Amino acid sequence: MSTTWFTSDLHLGHPFVANLRGYDNVGEHDQRILDNLRATLGAGDTLWVLGDCSSGWGPQEERALRLLEDTFHYIRTHLGVDFTAHLISGNHDSCHPMYTDSAAAQRDFLRVFDSVQPFQYYEFGGEPAWLCHFPRPGFDHEGMDSRHDELRLRVDRLIHGHLHSPVPITGRGQVDVGLDAWGMKPVSEDRVHTALLRSFEEFPMD
């Protein structure tokens, strides 16, 4: 039976993020992420990556895309597992439309992913939701002003990344699928749906 998986904020090759996650060695950080992808994806599965494959700096981004391309090729060819992978671009991905040369950069990302877009409509249990790298306006890293609010969605149900939250639920109708909230692994659609429902209990209407 196929499964849909969500993850975000891989930040492959990003020393600062690797260190925040407790890794002194970037290679070990990256290898754990890639190993978890190999261990997770099964035949017919769908993977949604909600942004920030790397730091966005040219050489690091090229390396991250190469690592992902090689990993996906290995899963499909050597493990015999066919799956689809989609990217919802983040502020550290040069293919995000916030960047003037995003159209040219998108070609490189489409070498790795089946689709690349800044957001996507999605239904959990028949209820409408949206996938986006960013949470709703007003949410950002602790101690920082909310950035890129003009690019964020004002919707009731939102699956996002960006915050590097240690817990999945970040607000009413908001679930962070970033690696930091899920033990450095992709999370299944069922678990995201459960967290989404719980968010309405933890953050009731005023």
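Just so it is clear, the model here is predicted, and its values are computed rather than measured.

Points about the overall build of the protein chain
Along the protein chain, the regular secondary structure elements total 5 helices and 10 strands. With respect to the principal axes defined by its C-alpha atoms, the protein chain has extents near 50 × 40 × 35 Å. Per-residue burial over the protein chain gives 51% buried out of 206 residues. Counting only contacts in the protein chain whose residues sit at least 6 apart along the sequence, the fraction spanning at least 24 positions is 64%. Accessible surface computed for the protein chain: about 9,900 Å², of which carbon and sulfur atoms make up 50%.

A look at unusual backbone geometry
Phi angles above zero are rare outside glycine, and Asp 9 is one such case at about 60 degrees. The residue Asp 9 is located in the loop between β1 (4–7) and α1 (15–20) in this model. We classify Asp 9 as buried; its relative accessible area is 0%. Of note, Asp 52 is a non-glycine position whose phi angle comes to about 65 degrees, a positive value. Within the secondary structure, Asp 52 sits in the loop between β2 (46–49) and α3 (58–77).

Topic: the sheet that holds strand β10 (residues 187–188)
The 5 strands lie next to each other as β4-β3-β2-β1-β10, forming an open sheet whose pairing is mixed. Because the sheet does not close on itself, it has two edges, and the strands there are β4 (115–117) and β10.

Remarks on the UniProt feature "domain: Calcineurin-like phosphoesterase" (unreviewed entry) in the protein chain
Mapped onto the present numbering, the UniProt feature "domain: Calcineurin-like phosphoesterase" (unreviewed entry) falls on residues 4–166. What you have in residues 4–166 is 31% helix and 19% strand, and the ends, taken at the C-alpha atoms, are 22 Å apart.

Focus on the pairing of strand β5 (residues 119–124)
Pairing of β5 with strand β6 (residues 127–132) involves 6 bridges; the strand directions are antiparallel. Directly across from Tyr 122, in β6, lies its bridge partner Ala 129. Where β5 hands over to β6, the hairpin turn is made up of 2 residues, of which Gly 125 adopts a positive phi near 60 degrees.

Scoring rules and cut-offs
Residues numbered from 1 in each chain as written. Predicted model: local features only at pLDDT ≥ 70, side-chain atom pairs only at ≥ 80, totals over all residues. Heavy atoms only, no water. Helix = DSSP H or I, 4+ residues; strand = E, 2+ residues; numbered from the N terminus. Buried < 20%, exposed > 50% of the residue type's maximum accessible area, 1.4 Å probe, protein only. Contact = heavy atoms within 4.5 Å. Areas by Shrake-Rupley, 256 points an atom, 1.4 Å probe, with all protein chains shown as cover. Pairing = 2+ DSSP bridges. UniProt positions renumbered as here; feature names shortened; annotations may be inferred.

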